[in-house]
Amino acid sequence: GAVVSQHPSRVICKSGTSVKIECRSLDFQATTMFWYRQFPKQSLMLMATSNEGSKATYEQGVEKDKFLINHASLTLSTLTVTSAHPEDSSFYICSASNGDRGLYEQYFGPGTRLTVT
Amino acid sequence: TQLLEQSPQFLSIQEGENLTVYCNSSSVFSSLQWYRQEPGEGPVLLVTVVTGGEVKKLKRLTFQFGDARKDSSLHITAAQPGDTGLYLCAGVGYNFNKFYFGSGTKLNVKP
């Protein structure tokens, strides 16, 4: 399967600061990338869908001004959590699709554990 | 409410036992995927089923897509401790712009 990386794998930040998480598709061009949030022992919750070169589409209830998503190239998408608060602490996972198979298959990154103190 | 409901939510069995995990919806999906996720890692794709009634086998794992494309099942034969993890089904909506995850099944296989 395709390889997707995320950086950093873990990050601890203070309340009020911003954190950027990178998602890279290493061996294919990702026309669409997805950002998910996962709480302990729960399934993944889709936050937003981003297509290269266009604005991200956010799911209902997700604040676009708080979770800034940029998909500037076919291999990189970033999620910036602005003015983070303890309730933003979570496991954030990105996935990438190469468009040839549409949404048939997504390849996931290893996730980023964010802890806001 | 989840568009895709999985059952059971939790399953703890002994090594060597068989098990089935179900993924059900009232909606029709153009395709459905099964993933396995281990703690602290991203989900790993196991299989994609596309055709109604399709059956796919992956070693001891058997996946089936319902005839009406609203449900799927994952059957594991002779489970091993290495099968332990969170199993997630996910479906692509017919409008192709949404990808829905199931509620998840946490499997623990005891040696």
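Scroll up to find the structure this text is about.
Source: prediction; values computed, not measured.

1. Concerning the overall build of chain B
In terms of helices and strands, chain B carries zero helices and eleven strands. Put simply, chain B runs from its N terminus to its C terminus through helices and strands in the order β-β-β-β-β-β-β-β-β-β-β. A globule of 111 residues ought to have a C-alpha radius of gyration of about 13 Å, and chain B, at 13 Å, matches this closely. Dimensions of chain B along its principal axes, counting C-alpha atoms only, are 45 × 30 × 20 Å. When burial is assessed residue by residue, chain B has 45% of its 111 residues classed as buried. Restricting the contact set of chain B to residue pairs at least 6 apart, pairs at least 24 apart contribute 55%. With an accessible surface of roughly 5200 Å², chain B has 51% of that area assigned to carbon and sulfur atoms. Of note, chain B has its 10 positive side-chain charges centred 4 Å away from the centre of its 9 negative side-chain charges.

2. What to know about the packing of aromatic side chains
Applying the stated criterion across every chain yields a total of nine aromatic pairs over all chains. Taking 6.4 Å as the distance between ring centres and 40 degrees as the angle between the ring planes, the aromatic pair formed by F67 of chain A and Y92 of chain A counts as tilted. Here the residue F67 of chain A occupies a position in strand β7 (residues 67-73), and Y92 of chain A occupies one in strand β9 (residues 90-97), the gap between them amounting to 25 residues. Just as F67 of chain A is buried, Y92 of chain A falls in that class too. Note on F108 of chain A and F101 of chain B: the rings are 5.6 Å apart at their centroids and 70 degrees apart in plane angle, and the pair reads as edge-to-face. Placement of the pair is F108 of chain A in strand β10 (residues 107-108) and F101 of chain B in strand β10 (residues 99-101), with the two residues belonging to separate chains. Assigned by exposure class, F108 of chain A and F101 of chain B land together as buried. Every member of this aromatic cluster is reached through a ring pair, and the members are F34, Y36 and F108 of chain A together with Y35 and F101 of chain B.

3. Description of the interface of chain A and chain B
Reports often express the size of an interface as the amount of accessible area lost when the parts come together. Listed by partner, the interface residues are 17 residues for chain A and 22 residues for chain B. Contact between chain A and chain B buries roughly 1600 Å² in total, counting both sides, with carbon and sulfur atoms accounting for 61%. On the surface where chain A and chain B come into contact, there are zero salt bridges. Elements with a contribution of two residues or more to the side of chain A that touches chain B: β4 (32-38), β5 (44-51), β9 and β10 of chain A. Looking at the side of chain A that touches chain B, its residues break down into ten nonpolar, five polar and two charged.

4. Some details on the sheet that holds strand β8 (residues 71-76) of chain B
Residues and elements named next belong to chain B. As summarised here, the arrangement of the five strands in space is β1-β3-β8-β7-β6, forming an open sheet in which the pairing is antiparallel. Lying at the two open borders of the sheet, with one neighbouring strand each, are β1 (5-7) and β6 (55-58). With direction set aside, neighbouring strand axes in the sheet form an average angle of 15 degrees. Examined bridge by bridge, β1 and strand β3 (residues 19-24) share three bridges and lie antiparallel to one another.

5. Remarks on the nonpolar core
In this structure, W35, F67, L79, Y92 and L114 of chain A are the most contacted members of the largest nonpolar core, which totals 24 residues. The set of elements that each furnish at least two residues to this core consists of β2 (10-13), β3 (19-25), β4, β5, β7, β8 (76-81), β9 and β11 (112-116) of chain A. With residues near it in sequence (within four places) discarded, F67 of chain A still touches R37, M47, Y58, V62, L79, T80, V81, D88 and Y92 of chain A. Core analysis: the next-biggest nonpolar cluster, separate from the first, contains 20 residues, L61, I76, A79 and L107 of chain B among them.

6. Focus on the sheet that holds β8 of chain A
All names here are of chain A. Strand order in the open sheet made by the four strands is β1-β3-β8-β7, with antiparallel pairing throughout. Every interior strand has two partners, whereas the edge strands, β1 (4-7) and β7, have only one. For this sheet, the mean angle separating the axes of adjacent strands, direction not counted, is 15 degrees. As defined by bridge partners, β7 adjoins β8 across five bridges and the pair is classed as antiparallel. Counterpart to N70 in the pairing with β8 is T78.

The rules we used
Residues numbered from 1 in each chain as written. Chains lettered and ligands numbered in written order. Predicted model: local features only at pLDDT ≥ 70, side-chain atom pairs only at ≥ 80, totals over all residues. Heavy atoms only, no water. Helix = DSSP H or I, 4+ residues; strand = E, 2+ residues; numbered from the N terminus. Rg over C-alpha atoms; globule rule 2.2 N^0.38 Å. Buried < 20%, exposed > 50% of the residue type's maximum accessible area, 1.4 Å probe, protein only. Contact = heavy atoms within 4.5 Å. Areas by Shrake-Rupley, 256 points an atom, 1.4 Å probe, with all protein chains shown as cover. Lys, Arg positive; Asp, Glu negative; His and termini not counted. Charge placed at Lys NZ, Arg CZ, Asp CG, Glu CD. Phe/Tyr/Trp six-rings, centres within 6.5 Å; stacked < 30°, edge-to-face > 60°. Buried area = accessible area lost by both parts, 1.4 Å probe. Salt bridge = Lys/Arg side-chain N within 4 Å of Asp/Glu carboxyl O. Nonpolar A, V, L, I, M, F, W, Y, C, P; charged D, E, K, R; others polar. Pairing = 2+ DSSP bridges. Axes fitted to C-alpha atoms, helices over the stretch in contact; angles between N-to-C directions. Core = buried A, V, L, I, M, F, W, Y, C linked by side-chain atoms within 4.5 Å.

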